[in-house]
Amino acid sequence: MEKTERKRTGLCCAAIAGVVVLAVLAIAVVVKYYVLPRIPSFGPPRGLEGEGPSVGADRFEATVVFEDGRIGPVSDIAIGDYDPASGDEIVVAGLNGAAFLDQHLRTTSFVEFERPEDRPYGRTVEVVDVDGDGVCEFLARGSYLGLDQGALLDHEGRLLWRTGADTGTCASMAAGDVDSDGLLEFATFQDGAIEPLDATGTKIWETQPEGMQTHTIQMADVTSDGVPEVVYGRHDFEDDRKVELVGLDAQGEIVYAARRKGDYLIAGLFFAFSVCPWPTADSPPHFLAPLISSIMLFDAEGRTVLKGRAPGTMITDFAVGTPVRFQAGSNPWLASLVVSFKYESSSLRVHDPEGQLLYEETRLLYGRPDVLWVGMAPWQPPGEDAEVLLVGGADKVWQYRLKP
């Protein structure tokens, strides 16, 4: 009897094991053939895994118009009155220094940045004018990876101040005169809190908003009162439909909120959205954000202005854009550049006002001399009636021009 019982128990165990194996195999089949094909791809599509143009190579030509081995990766190209001399300059700001160019792209002066070795700051450098005197300073911004500090350097590249304590980090940083006193303030997201600083680097106030996770801070006049607000993304994790841009005034009070829904905009708002100038009748602020497989331009009310195909943009560290009039008298096209450290690549794209992809090019970030970085500006060369696009590179600036 005991022997029969053991045999029956063994058969039951074998049957149960067989059912478990069959269930696991069934689940594997369902996942492989049903679930996985329906999950959005967060990696670069096949067409972007290699370098070079994949769309529109016959329409645009790229040439190097500036190169200086001292400057580092170029993260800002500013056109305006930024030095004591009269007239406009083209300021090319890189990680290690900045070059001042005339309207023929000839270097007139160079500034080397002071970069302390004990606590490096910034992944990108922005040209700013703290007091509006026509002489620029340089804002070295941190990164959402939390490895860097932010810092302000004077016109000669000397360090004025760094953000936070010696152990502090700065995930994001933006400049704007939020209190209308004629001096720039600097909104930061560091050590888990939003902390605006005054022109001397002193913290003004601190807030830890509830119900959200944000890594990107911007400044823009989203209330149309002539004064910029501190703008960030907010997501209620209990309601995936609640994705908002939120604006804070000079006292840290919420004075603006624009809701978006769907579009997988959450990651774009948190990690990589940026202010994008866009000419409209009243020219309100516009924002650029990467989605899973497209790039979106939307206005201060959260309304979509342009949405264009942009494969592989979901896991993005930087996304910048600008309007460019490649043809005289035409409506502007949207030029955008997204950078992904995970996929070690940057992708430059041009979309027309209807969102049609006109140009697309991917370049690797490391081990290549022809990398594209986040500095970007439209520029109309002297004597020409249309614009070209200037794009930063490693120690250089590329010019993209529409072929005749």
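So, here's what we can say about the structure. Source: prediction; values computed, not measured. (Residues numbered from 1 in each chain as written. Predicted model: local features only at pLDDT ≥ 70, side-chain atom pairs only at ≥ 80, totals over all residues. Heavy atoms only, no water.)

**Overview of unusual backbone geometry**
Line of reasoning, step 1. For leucine 105, which is not a glycine, the phi torsion comes out positive at approximately 65°.
Line of reasoning, step 2. Following the sequence through the fold, leucine 105 ends up in the loop between β5 (97-101) and β6 (107-112).
Line of reasoning, step 3. Taking the relative accessible area as the measure of exposure, leucine 105 reaches 16% and is therefore buried.
Line of reasoning, step 4. The backbone of serine 180 sits at a positive phi, close to 60°, despite the residue not being glycine.
Line of reasoning, step 5. Inspection of the secondary structure assignment puts serine 180 in the loop between β11 (172-176) and β12 (185-190). (Helix = DSSP H or I, 4+ residues; strand = E, 2+ residues; numbered from the N terminus. Buried < 20%, exposed > 50% of the residue type's maximum accessible area, 1.4 Å probe, protein only.)

**Quick word on the packing of aromatic side chains**
Line of reasoning, step 1. This model, assessed by the stated rule, comprises 12 aromatic pairs.
Line of reasoning, step 2. Stacked on the ring of phenylalanine 110, the Lys or Arg arginine 70 has its end atom at 3.8 Å from the ring centre.
Line of reasoning, step 3. Stacked on the ring of tryptophan 398, the Lys or Arg arginine 363 has its end atom at 4.3 Å from the ring centre. (Phe/Tyr/Trp six-rings, centres within 6.5 Å; stacked < 30°, edge-to-face > 60°. Lys NZ or Arg CZ within 6 Å of the ring centre and 35° of its normal.)

**Some remarks on the sheet that holds β11**
Line of reasoning, step 1. Strand order in the open sheet made by the three strands is β11-β12-β13, with antiparallel pairing throughout. Single-partner strands in this sheet number two, and they are β11 and β13 (193-197). On average, each strand axis in the sheet is tilted by 20° relative to the strand beside it, whichever way the strands run.
Line of reasoning, step 2. When β11 meets β12, the two strands line up antiparallel, connected through five bridges. For glycine 176, the partnering residue across the bridge sits in β12 and is glutamate 185. (Pairing = 2+ DSSP bridges. Axes fitted to C-alpha atoms, helices over the stretch in contact; angles between N-to-C directions.)

**As for the environment of isoleucine 204**
Line of reasoning, step 1. Here isoleucine 204 shows up in the loop between β13 and β14 (217-220).
Line of reasoning, step 2. In the structure, isoleucine 204 is positioned 17 residues away from alanine 187 in sequence and 9.7 Å away in space, judged by C-alpha atoms.
Line of reasoning, step 3. Setting aside anything within four residues of it in sequence, one finds isoleucine 204 in contact with Glu185, Pro196, Leu197 and Asp198. (Contact = heavy atoms within 4.5 Å.)

**With respect to the side chain of aspartate 129**
Line of reasoning, step 1. Within the element layout of this structure, aspartate 129 appears in the loop between β7 (124-128) and β8 (137-141).
Line of reasoning, step 2. For the buried residue aspartate 129, which engages in no salt bridge, the nearest side chain bearing the opposite charge is arginine 158, 14 Å off.
Line of reasoning, step 3. Only 3.3 Å separates the side chain of aspartate 129 from the backbone nitrogen of aspartate 133, close enough to count as a polar contact.
Line of reasoning, step 4. Each residue touching aspartate 129, except ones within four places of it in the same chain, is listed here: Gly134, Val135, Cys136, Glu137 and Leu184. (Lys, Arg positive; Asp, Glu negative; His and termini not counted. Salt bridge = Lys/Arg side-chain N within 4 Å of Asp/Glu carboxyl O. Polar contact = N/O pair within 3.5 Å; in protein donor to acceptor, adjacent residues only side chain to side chain.)

**Quick notes on the nonpolar core**
Soluble globular proteins tend to bury their nonpolar side chains together.
Line of reasoning, step 1. In this structure, Phe326, Leu348, Val350, Leu389 and Tyr400 are the most contacted members of the largest nonpolar core, which totals 24 residues.
Line of reasoning, step 2. For this core, the secondary structure elements donating two or more residues are β22 (318-324), β23 (333-340), β24 (345-351), β25 (357-364), β26 (372-379), β27 (388-393) and β28 (396-402).
Line of reasoning, step 3. For leucine 389, the residues in contact, after removing those within four places along its chain, are Thr322, Val324, Phe326, Ala335, Leu348, Met376, Ala377, Pro378, Trp398, Gln399 and Tyr400. (Core = buried A, V, L, I, M, F, W, Y, C linked by side-chain atoms within 4.5 Å.)

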